[in-house]
Amino acid sequence: EGKLQMRFGEGVAGQAIISGETINITDISTDTRFLKSDVLPKFRSLMVTPILSGEQKLGTISVQSKEPNAFSKGEQDLLSTLGVQAAIAIENANLIESTQQALRETNALYRINQGLVALNADELLEDAVELLRTNFGYYHVQVFVVEPNTGDFLLRAASGEIGKRLKAQQFRMHAGSGIVGHAAETLAPFFTNNVEEVVFFTRNPHLPETRSELAVPVKIGSQLFGILDIQQAPPKTFSPHDLQLVSAVADQLAIALQKADLYEN
């Protein structure tokens, strides 16, 4: 059978969405509102109602009959009611999905908070990077700490096997370099989903798959302690919501660090 593609606003379905009203075509062969394709359909009557959620246009419901003049005013009102009910059902489904996502994230933040119990700073930072990686599925998580005499950023904790190799070679970044350095200079979070477009991005050869990077300052009071740096590989990307989540963890980490021996020293 031939396929008919309609642009927005075309055909009976498009007109129903734009008008917000149910359209009852009593005979498609004589009604100019019906777009005809190469192959004539097997129905004569067509009724279409929009599915609308406020200003959002979700779709349409249509019913057809082989007979002309098939649908009464009562059936037209019934279809309109079904369109409203469908919109409510879709809204509820979206609400349930977003609520479930919020619950998963809240649960993950709770597990991270409960996991940040070490009173030794090194253990605390290692716990933080692993909890972030496992609970949110990030490609790589690391924490840099400011070295006071040079201003360099020393890698203090990093996730996974790559993290072990980086720590073994005492990896550091010079003051002001990379997205880490940028976040430290501005004392503000920064993220990108295309690191190649960021002029100050510095690629770590141990992390060849990085496409997105998110850096959040960890501040104790007004003092910069270090940078919590998250890297992501395709197909996953960051959203402003990831920034909120990681910032919340950075705040939790700062509170925990105040109890840790490194901060006391």
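Look up a bit, the structure's there.
Residues numbered from 1 in each chain as written. Predicted model: local features only at pLDDT ≥ 70, side-chain atom pairs only at ≥ 80, totals over all residues. Heavy atoms only, no water.

Student: Before we go on, may I ask you to explain the packing of aromatic side chains in this structure?
Tutor: Here a ring pair, both rings aromatic, is described through the centre-centre distance and the interplanar angle of the planes. Taken as a whole and judged by the stated rule, the model has 4 aromatic pairs. Between Phe144 and Phe171 the ring centres are 6.2 Å apart and the planes differ by 55°, which places this aromatic pair in the tilted class. In this pair, Phe144 is assigned in strand β4 (residues 140–146) and Phe171 in the loop between α4 (160–168) and β6 (172–173), connecting sequence segments 27 residues apart. Linked through ring pairs, Phe136, Tyr138 and Phe238 together constitute an aromatic cluster. (Phe/Tyr/Trp six-rings, centres within 6.5 Å; stacked < 30°, edge-to-face > 60°. Helix = DSSP H or I, 4+ residues; strand = E, 2+ residues; numbered from the N terminus.)

Student: Hey, could you run me through the sheet that holds strand β3 (residues 56–65) in this one?
Tutor: Within a sheet, each strand pairs with its neighbour through backbone hydrogen bonds, oriented either parallel or antiparallel. In spatial order, the strands read β1-β2-β3; together these 3 strands make up an open sheet with antiparallel pairing. Pairing within the sheet leaves two strands with one partner each, and these edge strands are β1 (23–25) and β3. Between one strand axis and the next, the sheet turns through 15° on average, direction left out of account. In terms of strand pairing, strand β2 (residues 45–53) meets β3 through 9 bridges, oriented antiparallel. Bridge assignment links Ser45 to a residue of β3, and that residue is Ser65. The strands touched by helix α1 (residues 11–19) within the sheet are β1, β2 and β3, with β2 carrying the most contacts at an inclination of about 40°. (Pairing = 2+ DSSP bridges. Axes fitted to C-alpha atoms, helices over the stretch in contact; angles between N-to-C directions. Contact = heavy atoms within 4.5 Å.)

Student: For this particular structure, what's the right way to read the pattern of salt bridges?
Tutor: Opposite charge on two side chains makes pairing possible when the charged atoms of those side chains draw close. The full count for this structure, using the stated rule, is 8 salt bridges. Here Arg172 and Asp152 are joined by a salt bridge, their closest N and O atoms 2.9 Å apart. Here Arg172 is found in strand β6, whereas its partner Asp152 is found in the loop between β4 and β5 (153–158), with 20 residues between them in sequence. Judged by relative accessible area, which is 10%, Asp152 ranks as buried. Linked through salt bridges whose partners overlap, the residues forming this network are Glu147, Asp152 and Arg172. (Salt bridge = Lys/Arg side-chain N within 4 Å of Asp/Glu carboxyl O. Buried < 20%, exposed > 50% of the residue type's maximum accessible area, 1.4 Å probe, protein only.)

Student: Help me understand the side chain of Thr22, please; the structure alone is not making it clear to me.
Tutor: Relative to the elements of secondary structure, Thr22 occurs in the loop between α1 and β1. A distance of 2.7 Å separates polar atoms of two side chains, one belonging to Thr22 and the other to Thr49. At a separation of 2.4 Å, a polar atom in the side chain of Thr22 contacts the side chain of Ser80. Among residues more than four places away in sequence, those in contact with Thr22 are Met47, Val48, Thr49, Pro50, Gln76, Leu79 and Ser80. (Polar contact = N/O pair within 3.5 Å; in protein donor to acceptor, adjacent residues only side chain to side chain.)

Student: It is not clear to me how unusual backbone geometry should be interpreted in this structure. Could you clarify?
Tutor: Trans peptide bonds make up the majority, and among non-glycine residues the majority have a negative phi. Here the amide bond leading from Pro234 into Pro235 is cis, since omega sits at 10°, within 30 degrees of zero. With respect to the helices and strands, Pro235 occurs in the loop between β9 (223–232) and α6 (240–257). Although it is not a glycine, Gln170 adopts a positive phi angle of roughly 50°. Position of Gln170 relative to the elements: it lies in the loop between α4 and β6.

Student: Looking at this structure, I do not really get the pairing of β9. What am I missing?
Tutor: Both faces of the sheet carry side chains from a regular strand, because those side chains alternate between them. For β9, a buried count of 8 out of 10 residues is recorded, marking the element as mostly surrounded by other parts of the structure. Pairing between β4 and β9: 6 bridges, direction antiparallel. Each residue of the ladder has a partner; that of Val145, found in β9, is Gly226. Judged from the 9 bridges that link them, strand β8 (residues 212–220) and β9 form a sheet pairing that is antiparallel. Its bridge partner being in β9, Glu213 is matched across the sheet by Gln231. Following β8, the chain reverses through 2 residues before pairing antiparallel with β9; Gly221 in that reversal takes a positive phi of roughly 70°.

Student: Which parts of the structure should I look at to understand the packing of helix α3 (residues 121–136) against α6?
Tutor: Helix packing geometry: the angle between the two helix axes and the distance between the axes. One can describe the packing of α3 onto α6 by two numbers: an axis separation of 11 Å at closest approach and a directional angle of 160°. Relative to α6, α3 is oriented roughly antiparallel. The two elements α3 and α6 cross, and the hand of that crossing is right-handed. Here α3 contributes Ala121, Leu124, Leu125, Ala128, Leu132 and Phe136 to the contact with α6, which in turn contributes Leu245, Val249, Leu253, Ala256 and Leu257. Tallied by class, the residues present in the contact of α3 with α6 amount to 11 nonpolar, no polar and no charged. (Parallel < 35°, antiparallel > 145°, perpendicular 65-115°, else oblique. Left-handed = near helix turned anticlockwise from the far one by under 90°. Nonpolar A, V, L, I, M, F, W, Y, C, P; charged D, E, K, R; others polar.)

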